[in-house]
Amino acid sequence: MRLRRLLLGLALLAPLHAQTTLTIATVNNGDMIVMQRLSKQFEQLHPDIHLDWIILEEKILREKTTTDAAMHGGQYDVVTIGPLEAPIWGRRGWLLSLEDKLSPAYDVNDLIQPVRDGASANGHLYALPFYAESSLTYYRKDLFAAAGLSMPAQPTYADIEHFAARLNDPAHDVYGICLRGKPGWGENMAYLTTVANTFGGRWFDPAWTPQLDSPQWHDAVTLYARLLQKYGPPGSSSNGFNENLTLFENGRCAMWIDATVAAGSLYNAAQSKVAATVGFAPAPIAVTPRGAQWLWFWALAIPSSSKHSAAALQFIQWATSKEYVQFVAHENGWAAIPPGTRESTYKLPEYLATAPFAQLTYRSIMAADPLHPTLQPVPYSGIQFVVIPSFPTIGNQVGQIIAAALVGNMTVDEALTKAQAATTRVLARTGKPQ
Amino acid sequence: MAASNKITRKLAMTAVAWLVALVIAFPALWLILTSFKSETEAISRVPHLFFTPTLTNYAAVQQQASYLHFAANSVIVSVGSTLFALLFAIPSAYTMAFAPTKSTRSTLLWMLSTKMMPPVGALVPVYLIFRDLSLLDTRTGLLLVDALANLPILIWMLYTFFKEVPREVLEAGRMDGAGPLRELWNLLLPLSLPGIVSTSLLAIILAWNEAFWSLTLTAAKAAPLTAFIASFSSPEGLFYAKLSAASTMAIAPILILGWLSQKQLVRGLTFGAVK
Amino acid sequence: MSRQRASRWLNTPAIVALFLWSIIPLVMTVWFTFRRYNLMEPDRVGFDGLANYRYLLSDPTLFQAVFNTVVLVGAVLAITIGLGTLLAILFDQEFFGRGIARVLVLAPFFIMPTVSALLWKNMMMHPDNGFLAFVFRSIGLKPIDWFAVAPLTSIIIIVSWQWLPFAFLTLLTAVQSLDSERKEAARMDGAGPIAMFRYIIWPHLGRAIAATTMIESIFLLGIFAEIYVTTSGGPGFASTNLSFLIYRYALMEYDIGGASVAALVAVVLANLLALFLMRSFARNLDT
């Protein structure tokens, strides 16, 4: 009796709302944090909806949202997912299909086609893209000029290595190149897969045999390890996107190959010390341009176990609308708008004028072809990942092994042998995808 | 002569001991210091010992992530789980201390053994059960788990305190015809209140710092400070000073509580073996 | 009704609660070891026989995790008890400001694990702008990338830092309870500091060390947050302990069957340790 009263009393301590509370799970990237800040406007427009934000690191976010979706936990009303999750979860019925629930003002046909395709399955749209990205080469125009170097219109990895060697200057706190080293399928493996792609490699052959012990992967990983070991900053093996962004913003990297969305931050003088001298070039290629630049987006989706789907629908439309783009431009400037999702964005003269990277971003996204990501034929889609349910497992394990090679715990060949074995093991356990 | 030797010895000891103490506490002190720096100072490769302190980090943390919400969760869960666990622990310790049987000793040892399993071993079943009972990301759920986790320690600690209560007082009460509950409530509790308070302090500290269940069973609504800090593990942009401010705010209450309850810490965590 | 029987029911709630808390998860875990159950494929659930066992026990990371766990526990015990004893003897001496110095030494124990881990990762061990890097550079050495080159050692350092105060406090309490008359008598007999330690202090500390070892082991087996927040078990699996391995299987690979087998291994290991420690502790138990 006392127990129940106690528990009841404790439960009543929870804040009382006469409104709907939406729990939004999102990743701790700059654009999302901006979304959180600007969402006060949404709350003002919809006084009956209160927003509860869960902002987490990408890896942790995925764990939480995936377990919740798979177990129908109902903890979240809006989840932030990418092109790996959207089709798989959609097909499984873990997400609400959206295309028939959107208001006409939303203009769903304005969504950029490759991005829209990535968020759909079986003709249904399962997530509204918030921002999309490809990959670029960022470089320091001032350092290049001082060394008498110039970045070609389409750099190759041979060029990149040459530049890195010339510009590496640890004595003055400048490193030749910064790259992702943090283990994870969406961290180091995302970048490394594009390198493998451009060297002509692939994850699986049409019979689903892993190809990690192929010469193409060997070349790719050897180059990657060499670049970071010789010309990279210390602590590379724990540097992900955010850490490298901080390094580049503080002038510590001569070059950085990573997501196009970094451009907005790098170009923002309030945040970046190198805003005036950052240059942009396409992602480097080696043997083939196929799969050299990746395609990723973060999209907002509604789990089917959500109890507040109507309110959630209103929110995700607000956050991915043309009006939101204008709102961000008004509050934070044109360079800060969430890019890559709408054709209309790339027709706005103000945006194109203030953001020199906009055209390159658009071109990179349009050039990314998730349905044909590699030189040789493959049974899967996805450029910097493989759209199969077991890829996170495979990618995480291989990512850890590669990180071990990066820090010198094993040779590249040992690592690739281990990676091959691990991938084969996982695939044997889960069975070959149909 | 002997006196001056003693003073020299004392001074030498002071120097050595303080050096050691400062080295050990240094990371914590550095954390607190950094919370008052600007971000550029915080990230600088050459550590700044002298700088102009600022409170902007504390303001920024509060603004970004509603620190009070997480702090409230920490308070509710740690205090709540302790109170809830006491409801079970006090009667249990009383019985075993004052009405021991042949099996009391093995019961106590068994209770201790339930604490030996690493929590991760129970992760999946607990997660699934919580999902089915809609306890995920609720303060009630986390509270229950923390209470169960701390129960053995509470029972043992109270057991040792109760055993110190002089039997004569209780004998006198029995002569007056007091039943067991009465004896417990009217006599024992007042006598052993200091022990109960210090036991509770220890339990609150353990629940506050508990990092496994709070990371896996909560998301936003019930997330305590441990989870709040974990969200800074790979953050956007410059963050060292803000992280330090958030961390300082998260650890401050427990540092104070801990300072107040040093003695109880030893007794409690060694299950009374060392007093 | 005898007093004893009347009051025994007071013990029932706690016993029932702890019984359920220990048995239900265990039974469910054993059940899951024989099932194929992956969270990402909830429709492919079914009886799987010993497949999970075969898969897990052929996983090289399992043995590495067990090894890492044993190393982690052993090293932290050795460091904390060793240094803790020295500190206890030091603080047993008279000196100025002893109370405040003691508070300083105790501080690390009260800092929550996630804060400790991030504190060490970003501000102490970061190879670029961490304090240790600064110290290394000042004496002309190249800074170490701690989490890359020595991940398990780094975790050991962090955890030892957290638990040193506990060992110190426990041992200090024991040292201070040593009868000062015996110490005086020994001193008068001409015992130097080393003899004092060996024949007077050390035997007295036996029980305290046993208790400390036991308690620390319980908690050290379940080290998780520090690894989660810093290395995620890597690079490779160099800093993966059993706890993290189970977590990885359950919530990163969504393999419930596999996670359950690993959990059983953890239970067996914990029980072995418990059996061993309880036998020695039970001897010391009687209050």
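Residues numbered from 1 in each chain as written. Chains lettered and ligands numbered in written order. Predicted model: local features only at pLDDT ≥ 70, side-chain atom pairs only at ≥ 80, totals over all residues. Heavy atoms only, no water.

**Brief notes about the interface of chain B and chain C**
Right, so step 1: At the junction of the two partners, chain B supplies 106 residues and chain C supplies 97 residues.
Right, so step 2: In total, chain B and chain C occlude about 8,900 Å² of area from one another, counting both sides; carbon and sulfur atoms represent 79% of this.
Right, so step 3: Of all residues in chain B, Ile-24, Arg-45 and Met-116 of chain B bury the most surface against chain C, accounting for 8% of the area lost on that side.
Right, so step 4: Applying the counting rule to chain B against chain C returns zero salt bridges.
Right, so step 5: Put simply, chain B and chain C have nine residue pairs in polar contact (both at pLDDT 80 or more) between them. (Contact = heavy atoms within 4.5 Å. Buried area = accessible area lost by both parts, 1.4 Å probe. Salt bridge = Lys/Arg side-chain N within 4 Å of Asp/Glu carboxyl O. Polar contact = N/O pair within 3.5 Å; in protein donor to acceptor, adjacent residues only side chain to side chain.)

**A look at the sheet that holds strand S2 (residues 49-56) of chain A**
In a beta sheet, neighbouring strands are held together by backbone hydrogen bonds and run either parallel or antiparallel to one another.
Residues and elements named next belong to chain A.
Right, so step 1: Spatially, the five strands line up as an open sheet ordered S2-S1-S3-S10-S6, and their pairing is mixed. Each of the sheet's edge strands pairs with one partner strand only, and the pair in question is S2 and strand S6 (128-133). When strand polarity is set aside, the average angle formed by the axes of neighbouring strands in this sheet is 15°.
Right, so step 2: Pairing geometry for strand S1 (residues 20-27) and S2, over eight bridges, is parallel. Bridged to Thr-20 within S2 is Ile-49. (Pairing = 2+ DSSP bridges. Helix = DSSP H or I, 4+ residues; strand = E, 2+ residues; numbered from the N terminus. Axes fitted to C-alpha atoms, helices over the stretch in contact; angles between N-to-C directions.)

**Considering empty space enclosed by the protein**
Right, so step 1: Applying the stated criterion across every chain, the model contains 10 cavities of 30 Å³ or more.
Right, so step 2: Contributions of two or more residues to the lining of the largest cavity are made by helix H3 (58-70), helix H4 (85-92) and helix H16 (391-406) of chain A together with helix H8 (146-149), helix H12 (225-229) and helix H13 (242-252) of chain C.
Right, so step 3: With six residues, the single largest contributor to the lining of the largest cavity is H3 of chain A. (1 Å grid on protein atoms, 1.4 Å probe; cavity = no way out; pocket = protein on both sides within 12 Å on 5 of 7 lines; lining within 4 Å. Points joined across faces, edges and corners; volume = space filled by probe spheres on them.)

**Side note on unusual backbone geometry**
Right, so step 1: One non-glycine residue with positive phi stands out, namely Asn-122 of chain A, at about 55°.
Right, so step 2: Take Asn-122 of chain A: it is sitting in the loop between strand S4 (120-121) and strand S5 (124-125).
Right, so step 3: Positioned with a positive phi, Tyr-254 of chain C is a non-glycine residue whose angle comes to about 60°.
Right, so step 4: Summarising the element assignment, Tyr-254 of chain C is placed in the loop between H13 and helix H14 (256-285).
Right, so step 5: In this structure Tyr-254 of chain C comes out as buried when scored by relative accessible area, which is 6%. (Buried < 20%, exposed > 50% of the residue type's maximum accessible area, 1.4 Å probe, protein only.)

**Re the layout of surface pockets**
Right, so step 1: Each pocket or cavity is described by its volume, and for the second largest pocket that value is around 1,100 Å³.
Right, so step 2: The wall of the second largest pocket is formed by 47 residues, among which Lys-115, Met-117, Pro-118 and Pro-119 of chain B together with Phe-219 of chain C lie closest to the centre.
Right, so step 3: Counting residues per element, the lining of the second largest pocket draws most heavily on helix H2 (residues 12-33) of chain C, which supplies seven residues.
Right, so step 4: For the lining of the second largest pocket, the residue count by class is 33 nonpolar, 10 polar and four charged. (Nonpolar A, V, L, I, M, F, W, Y, C, P; charged D, E, K, R; others polar.)

**Focus: the nonpolar core**
Right, so step 1: One finds Tyr-138, Trp-203 and Phe-315 of chain A, Trp-213 of chain B together with Phe-91 of chain C to be the most contacted residues of the largest nonpolar core, which totals 333 residues.
Right, so step 2: Counting residues in each nonpolar core, the second largest holds seven residues, with Ala-404, Met-410 and Ala-415 of chain A together with Phe-237 of chain C among its members. (Core = buried A, V, L, I, M, F, W, Y, C linked by side-chain atoms within 4.5 Å.)

**So, the interface of chain C and chain A**
Right, so step 1: Each side of the interface is counted separately: chain C has 33 residues, and chain A has 31 residues.
Right, so step 2: Both faces combined, the contact of chain C with chain A buries some 2,800 Å², and carbon together with sulfur accounts for 50% of it.
Right, so step 3: A per-residue breakdown of the area chain C buries against chain A is headed by Met-40, Tyr-55 and Asp-128 of chain C, which together make up 22% of the total.
Right, so step 4: At the junction of chain C and chain A, the tally comes to two salt bridges.
Right, so step 5: For Arg-429 of chain A, the salt bridge goes to Asp-255 of chain C, with nearest N and O atoms at 2.9 Å.
Right, so step 6: Remark: the boundary between chain C and chain A carries 11 residue pairs in polar contact (both at pLDDT 80 or more).
Right, so step 7: Counting residues per element, the side of chain C that touches chain A draws most heavily on H13 of chain C, which supplies five residues.
Right, so step 8: Across the side of chain C that touches chain A, the residue classes break down as 15 nonpolar, nine polar and nine charged.

**Re the packing of helix H5 (residues 104-113) of chain B against H2 of chain C**
Right, so step 1: Following both chains from N to C, one finds H5 of chain B and H2 of chain C inclined at 40°, their axes separated by 10 Å at the closest point. With respect to H2 of chain C, the axis of H5 of chain B lies oblique. Read as a crossing pair, H5 of chain B and H2 of chain C show a hand that is left-handed. Packed against H5 of chain B, whose contacting residues are Thr-107, Trp-110 and Met-111 of chain B, the element H2 of chain C presents Ala-14, Ile-15, Leu-18, Phe-19 and Ser-22 of chain C at the interface.
Right, so step 2: A breakdown of the residues in the contact of H5 of chain B with H2 of chain C according to their chemical character gives six nonpolar, two polar and no charged. (Parallel < 35°, antiparallel > 145°, perpendicular 65-115°, else oblique. Left-handed = near helix turned anticlockwise from the far one by under 90°.)

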